[in-house]
Amino acid sequence: MGNLAIGWRMDNHAFLSHPEFRMNFNNITNQRYHSGVATPTPAAAGGPQYYAGGGLAVPLTAAAGF
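Student: I keep staring at the overall build of the protein chain and nothing clicks. Help me out?
Tutor: The helix and strand inventory of the protein chain stands at zero helices and five strands. Counting helices and strands in the order they occur from the N terminus, the protein chain gives β-β-β-β-β. The C-alpha radius of gyration computed for the protein chain amounts to 20 Å, which surpasses the reference 11 Å derived for 66 residues by more than 25%, pointing to a less compact arrangement than a globule. For the C-alpha atoms alone, the extent of the protein chain along its principal axes is close to 65 × 25 × 10 Å. Out of the 66 residues belonging to the protein chain, those deemed buried represent 6%.

Conventions and cut-offs
- Residues numbered from 1 in each chain as written.
- Predicted model: local features only at pLDDT ≥ 70, side-chain atom pairs only at ≥ 80, totals over all residues.
- Heavy atoms only, no water.
- Helix = DSSP H or I, 4+ residues; strand = E, 2+ residues; numbered from the N terminus.
- Rg over C-alpha atoms; globule rule 2.2 N^0.38 Å.
- Buried < 20%, exposed > 50% of the residue type's maximum accessible area, 1.4 Å probe, protein only.

Okay, here's the thing in structure tokens:
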């Protein structure tokens, strides 16, 4: 599992102040993992259940000041 973030900030353009674009790559290798405990129960009662972590995600963000 690994994460990577890249971005690009531009100079002022018309009425936009320093527009920028960011792209994040989350869980690049798309490995399965437990992100937390859902039900902390003893092993005698069946053991705990876990939340599954998310797969590969690539969100893109665009932002600018005015």
